[in-house]
Amino acid sequence: MADRVKAGEVRAVSRVITLLESQNPEGLAILRLLVSGSHRAAVIGITGYPGAGKSTVVAQLVAAYRSLGMKVGVLAVDISSPVTGGALLGDRIRMQEHTLDHGVYIRSMATRGHHGGLAQATSDAALVLEAAGYEVILIETIGVGQNEVEVIDVAHTVVAIVAPGLGDEVQAMKAGLLEVAPIVVVNKGDLAGADSTLRDLRDWCPTVLRTIATTGEGIAELVAAIAEHQRLHELLGPSVSRIRKGAGV
Ligand SMILES: Nc1nc2c(ncn2[C@@H]2O[C@H](COP(=O)(O)OP(=O)(O)O)[C@@H](O)[C@H]2O)c(=O)[nH]1
Ligand SMILES: [Mg+2]
């Protein structure tokens, strides 16, 4: 099974992630065989409140990285509640344009049913994708809270997505999430209030970008900012050490 994952076989990748989600000992044994590989993936966390445009940004990033010829894995972390259950379907439909592309793997991680925690399951899944040769791994997380910060530990680069007109949410993010997100994106740059949100955040964060994810505006700049952060990360330390630590191997 490990060999099949290393050969990039999608069915094997899915199977192993399912084993890991249920903390199956066989899954953990396979994972140990996988992490010895020499692949290096850029793991990018995309976080922010529901509705900010995370999935739309992720779909644009997938297109951007595919146009560079890179294999892209997407892990969508969904909270299994009646309130957000519909978001999962929306995400699937929105990303559907990429699902026929063999260079893109999209997987939803449901928070319910993880015995070892969502962050662990996500971290394990990212390692499987890395072993399977995915060069970019995008992790979309819903909301902002303690669990999110855990998931953020998996990613080398975290991008916080903010939409204008969410005054209170932006204030809450400043206090918490923005501390761990080196790149902040004000998405829905076409909406009123985008300018003042940008100004407000620029006092707090070094890198604040404006995007209109529905049209793709600003995505090239976001790709460049992520690349720059990843480059610094490479200089500052081994890119996979944190994720390896997360997998306990
Ligand atoms: N006006 C506008 N709408 C956007 C933009 N980006 C996303 N949306 C819309 O905002 C809604 C929520 O987007 P989604 O990507 O599902 O947000 P998520 O919950 O953060 O993943 C959808 O209806 C999108 O079409 C944007 O840049 N401008
Ligand atoms: Mg979404």
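Residues numbered from 1 in each chain as written. Chains lettered and ligands numbered in written order. Predicted model: local features only at pLDDT ≥ 70, side-chain atom pairs only at ≥ 80, totals over all residues. Heavy atoms only, no water.

Describing the nonpolar core
Nonpolar side chains in soluble globular proteins generally cluster together in the buried interior.
Step number 1: Among the nonpolar cores identified, the biggest contains 41 residues, and Val 5, Val 13, Leu 75, Val 128 and Ile 137 are the most heavily contacted of them.
Step number 2: Looking at this core, the element that brings in the most residues is helix H6 (residues 118–131), giving seven residues.
Step number 3: Sequence-distant contacts of Val 128, that is, excluding residues within four places in its chain, are made with Val 5, Val 13, Val 16, Ile 17, Leu 20, Leu 31 and Leu 34.
Step number 4: Counting residues in hydrophobic clusters, the runner-up holds 26 residues, among them Ile 44, Ala 64, Leu 138 and Ala 225. (Core = buried A, V, L, I, M, F, W, Y, C linked by side-chain atoms within 4.5 Å. Buried < 20%, exposed > 50% of the residue type's maximum accessible area, 1.4 Å probe, protein only. Helix = DSSP H or I, 4+ residues; strand = E, 2+ residues; numbered from the N terminus. Contact = heavy atoms within 4.5 Å.)

Describing helix H2 (residues 10–21)
Step number 1: Taking 1.5 Å per residue, twelve residues should reach 16 Å; H2 reaches 16 Å between its end C-alpha atoms and fits that length.
Step number 2: When H2 is considered as a whole, its buried residues turn out to be Ala 12, Val 13, Val 16, Ile 17, Leu 19, Leu 20 and Glu 21.
Step number 3: The positive-phi residue at the C-terminal boundary of H2 is Gln 23, with phi of around 55 degrees. (Expected span 1.5 Å × (residues − 1).)

Description of the environment of Val 57
Step number 1: The topology assignment puts Val 57 in helix H4 (residues 54–67).
Step number 2: Residue classification places Val 57 among the buried residues on the basis of a relative accessible area of 0%.
Step number 3: Val 57 sits 165 residues away from Leu 222 along the chain, and the two C-alpha atoms are 9.7 Å apart.
Step number 4: Each residue touching Val 57, except ones within four places of it in the same chain, is listed here: Ile 161, Asn 187, Thr 211, Ala 213 and Leu 222.

Focus on the pattern of salt bridges
Step number 1: For the structure on display, the rule yields four salt bridges.
Step number 2: Of the charged contacts in the structure, one is a salt bridge between Arg 231 and Glu 228, with a shortest N-O distance of 3.3 Å. One end of the pair, Arg 231, and the other, Glu 228, are both in helix H10 (residues 219–236), three residues apart, so they sit about a helical turn from each other.
Step number 3: Residue Glu 228 is classed as partly exposed on the basis of its relative accessible area of 38%. (Salt bridge = Lys/Arg side-chain N within 4 Å of Asp/Glu carboxyl O.)

Re the packing of aromatic side chains
Step number 1: This model, assessed by the stated rule, comprises one aromatic pair.
Step number 2: A ring pair is formed by Tyr 105 and Tyr 134, whose centres lie 6.1 Å apart and whose planes are at 55 degrees; its orientation type is tilted. Remark: Tyr 134 occurs in the loop between H6 and strand E4 (136–141) and Tyr 105 occurs in strand E3 (residues 104–110); sequence separation between them is 29 residues.
Step number 3: Look at Tyr 105 and you get buried, because its relative accessible area is 5%.
Step number 4: Its relative accessible area of 1% is what places Tyr 134 among the buried residues.
Step number 5: Sitting over the face of the ring of Tyr 134, Lys 71 holds its NZ or CZ atom 4.3 Å from the ring centroid. (Phe/Tyr/Trp six-rings, centres within 6.5 Å; stacked < 30°, edge-to-face > 60°. Lys NZ or Arg CZ within 6 Å of the ring centre and 35° of its normal.)

Some points on H4
Step number 1: Here H4 contains 14 residues, and its C-alpha end-to-end distance of 20 Å stays within 8% of the 20 Å for a straight helix at 1.5 Å per residue.
Step number 2: After H4 finishes, the residue Gly 69 shows a positive phi value of roughly 85 degrees.

Some thoughts on the confidence of the model for the chain
Step number 1: A residue-level look at the chain finds 69% of positions with pLDDT of 70 or above and a mean pLDDT of 79.
Step number 2: Across residues 80–86, where pLDDT falls below 50, the model places four contacts with residues more than four positions away in sequence or in other chains.
Step number 3: Counting interchain partners and residues more than four positions distant, the pLDDT-below-50 stretch residues 238–249 has 31 contacts. (pLDDT = per-residue confidence, 0-100.)

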